[in-house]
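# Summary of the model geometry
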Amino acid sequence: MWLYALQRFGMALLVCVLSVTVLFCIAYVIPGDPTAIALGPRATPAMREALRIRMGLGEPIYIQLYHFFSSLLRGDLGVDVWSNRPVIDIVKETLPKTMILAVTGLGWAAALGIPLGCYSAIRRNKLDDRIIGIFSIAMISTPSFLTAIYALLVFAVTLNWLPAIGAGEPGNFGDQVVHLILPAFAIGFAWVGYLSRLVRATMLEVLNETHIRFSRAFGLPEWKITLKYALKIAVLPTITLLGMAYGGLLSSAVFAEIIFNRPGVGQSALAAVNTRNYPVMMGLTLSTIFVFTMCTLIADLLVAALDPKIRKGL
Amino acid sequence: MSSKMEMEKNAPVLEINNLSVGFNGARGQAIAVKDVSLTVPPGKVVGIVGESGSGKTTLISAALGLISRQTAEITGKVKFEGRDILNMSERELRAIRGTDIAMIFQDPMTALNPSMSIGTLMTDIQYRDRGVSMTEKRRKAVEMLRHVGIPDPESRLTQYPHEFSGGMRQRICIAMALLGQPRLLIADEPTTALDVTMEAQIIHLLRKLQRDFHTSIVFVSHNLGIIAEICDYVAVLYAGCLVEQGEVDHIFHNPQHPYTKALLACDPALLPEQVTDFPAIPGEVPGPFDRPTGCIFQARCNLAADICRQVSPPLRPVEANHAAACHMAKGI
């Protein structure tokens, strides 16, 4: 198990390094002069040249890459071109907010989607299974921005139950929770459908396996067979999916943050793109990659821990 | 029932009367089992032998109420210790399974849940004993594992199915099946997936346990050698029909039905050494949709006469405790 964990960790690290390198190279080959954008149209060529040397842009790419990684290891992601704040501070400020949003969104989706999938599998092809199926597909096909806007219209504007924008007062926990509900609802909505369909499919597959028939031959209650004997196996692909979904949600939380005007990675990234604030963009993208890789790593390790073959074999 | 098996003094454990199973499909009804009657006396081993697709598994599944009435048309009667199984509710059936009737399956590699330890599997199936403590349940599990010949059972309780070999897993399945002290054990080709040495050990074990626990066994197999070794009675199934049944010695030494004779002639274990051509029965088993009128075996039978093409032969006694469904067999 520990060897396996170490292997997976090494792989994750490699993925991070490679994707960061690719990202860096893309930024390098993209046409356009960063100094021209940073200094504006009225800058003289001499001023641009001075900045280029100061930013190390004159060096060959491998030297730049080396500088980039060595400062990365020191936790230095550069400074915001406009405000001169260290980018790492911006990441520290925004990333947790987005992560909380993604966790809540996916959390309620899993809490509802997994039991729905189990129930569908037990009641396969009966009326309630069909109804759940129709709703699941409808949820999957609803674009999340639409869910967000309608949720906003119904619960914030018409009913006025929940606040429409912002993340709540800093320090006021209750207020922050109330502000979290609508965005989390919006980004988790489609995932309820995905998860219920996935769990139903894997569950049906497992329920058809011989060992389930063997357990039935002992007269074990059907609920116990489903929840203990089958779910333990059927949930494994779901965990893998959740790991990837969480990473994916970090980026798809962008629209929710924009629609609900919540501070977070998405908001800041959008602002950085609009103002050509490359260090901030780079820092936010890097941290998203890092979190994504860590999530898939955790999911992999969790699956391994639940599978006795891997847990005891390695 | 024309067999004299029912002359046994004790009431039978399982009694199947004129059981037919048909599956309704787009092409009409597929008949998997036709008019089978079979009796399992207490403490005896009854073998069901037949080729693949002869309806062995369908027969026992239907007899245990494992086939849903929604998908199949089931007629006839199945009685377990006098109780009608076919009309039981799912709840009543569940109450019987594991305590009165237990099953072991063909492939021990897939029969045990891979995500649970042997100890969990074995204590879980004792869920009916509510008052019994966990330590007591584990003790019973250990005792049963020792009984089926698993060395060092205490420490193996924490292990998972993948840590056992195929033969060991089948032993565990048998231990689990016997934990509820069932009066009837259904063994559906329990050695087919094992290699030959393991096969012999498992057969030996089943024989021993059958004596120790006085359990009746229905042993399904296509291997005549194993049937001969373990069974008291044999029923030969061909295309869903019972063609011959009786005491194992009679069947093997004095087969009356041409199919049984051909089957015995094809058994590689009984062939003289150095044969270049393996004998085979010419023709094909009739499909479930196109069953002939008259005898089910006529198309492949070298004795077939006009009567065989017109009248389906009933199962009739040919000697004591031996019956065959053939017009050509000499009756008593």
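Residues numbered from 1 in each chain as written. Chains lettered and ligands numbered in written order. Predicted model: local features only at pLDDT ≥ 70, side-chain atom pairs only at ≥ 80, totals over all residues. Heavy atoms only, no water.

Counting residues in hydrophobic clusters, the biggest one holds 168 residues, and the most contacted among them are B:Leu19, B:Ile118, B:Met122, B:Ile174, B:Met176, B:Leu184 and B:Phe219. Sorting elements by how many residues they give to this core places helix α10 (residues 222-259) of chain A first, with 16 residues. Discounting chain neighbours no more than four positions away, the residues touching B:Ile118 are B:Leu112, B:Leu145, B:Arg156, B:Leu157, B:Gln159, B:Tyr160, B:Pro161, B:Phe164 and B:Ile172. (Core = buried A, V, L, I, M, F, W, Y, C linked by side-chain atoms within 4.5 Å. Buried < 20%, exposed > 50% of the residue type's maximum accessible area, 1.4 Å probe, protein only. Helix = DSSP H or I, 4+ residues; strand = E, 2+ residues; numbered from the N terminus. Contact = heavy atoms within 4.5 Å.)

What follows concerns the confidence of the model for chain A. For chain A, the mean per-residue pLDDT works out to 83, and 96% of the residues sit at or above 70. No element of chain A has a lower mean pLDDT than helix α2 (residues 34-39) of chain A, at 69, and none a higher one than helix α6 (residues 127-141) of chain A, at 91. (pLDDT = per-residue confidence, 0-100.)

Quick look at a nonpolar patch on the surface now. The grouping of A:Phe145, A:Leu146, A:Ile149, A:Tyr150, A:Leu153, A:Val154, A:Val157, A:Leu159 and A:Trp161 at the surface amounts to a nonpolar patch, some 870 Å² of accessible area in total. Checked against the element boundaries, A:Tyr150 lands in helix α7 (residues 144-158). (Patch = residues over 30% accessible without salt bridge, like charges linked within 9 Å, V, L, I, M, F, W, Y side chains within 5 Å. Areas by Shrake-Rupley, 256 points an atom, 1.4 Å probe, with all protein chains shown as cover. Salt bridge = Lys/Arg side-chain N within 4 Å of Asp/Glu carboxyl O.)

All right, on to the environment of A:Tyr66 then. All names here are of chain A. Among the structural elements, Tyr-66 can be located in helix α4 (residues 61-73). Taking relative accessible area as the criterion, Tyr-66 reaches 57% and is therefore assigned exposed. As a C-alpha pair, Tyr-66 and Tyr-150 span 84 residues in sequence and 48 Å in three-dimensional space.

The next point concerns the interface of chain A and chain B. With 19 residues of chain A in contact, the opposing surface of chain B contributes 28 residues. Buried surface at the junction of chain A and chain B, both sides included, amounts to about 2200 Å², of which 64% is carbon and sulfur. One can count 2 salt bridges joining chain A with chain B. Between B:Asp124 and A:Lys224 there is a salt bridge, with its nearest N and O atoms 3.7 Å apart. Here chain A is connected to chain B by 10 residue pairs in polar contact (both at pLDDT 80 or more). When residues of the side of chain A that touches chain B are traced back to their parent elements, those giving at least two are α9 (210-216), α10 and α13 (308-313) of chain A. (Buried area = accessible area lost by both parts, 1.4 Å probe. Polar contact = N/O pair within 3.5 Å; in protein donor to acceptor, adjacent residues only side chain to side chain.)

Quick look at the pattern of salt bridges now. Residue and element names in this part refer to chain B. According to the stated counting rule, one finds 19 salt bridges over all chains in the structure shown. Arg-146 is the salt-bridge partner of Glu-154, the closest N and O atoms lying 3.0 Å from each other. For Glu-154, a relative accessible area of 46% corresponds to the partly exposed category. Take Arg-146: its relative accessible area is 46%, and that puts it in the partly exposed class. Among the ionic contacts, a cluster of salt bridges with common partners joins Glu-81, Arg-83, Asp-100 and Arg-183.

According to the stated counting rule, one finds 12 aromatic pairs over all chains in the structure shown. Taking 5.7 Å as the distance between ring centres and 70° as the angle between the ring planes, the aromatic pair formed by A:Phe214 and B:Phe105 counts as edge-to-face. A residue pair is termed interchain when its members come from two chains, as with A:Phe214 in helix α9 and B:Phe105 in the loop between β6 (101-104) and α3 (108-111). Assessed through its relative accessible area of 2%, A:Phe214 is described here as buried. Geometrically, the ring pair formed by B:Tyr259 and B:Phe297 is edge-to-face, given 5.3 Å between the ring centres and 65° between the ring planes. Taken as a pair, B:Tyr259 in helix α11 (residues 258-266) and B:Phe297 in the loop between α11 and α12 (306-310) lie far apart in primary sequence, 38 residues in all. Judged by its relative accessible area of 0%, B:Tyr259 falls in the buried class. The class of B:Phe297 is buried, set by a relative accessible area of 3%. These aromatic residues form a ring-pair network of at least three members: A:Trp108, A:Phe155, A:Trp161, A:Phe185 and A:Phe189. Between the NZ or CZ atom of A:Arg213 and the centre of the ring of B:Phe105, over which it lies, the distance is 4.5 Å. (Phe/Tyr/Trp six-rings, centres within 6.5 Å; stacked < 30°, edge-to-face > 60°. Lys NZ or Arg CZ within 6 Å of the ring centre and 35° of its normal.)

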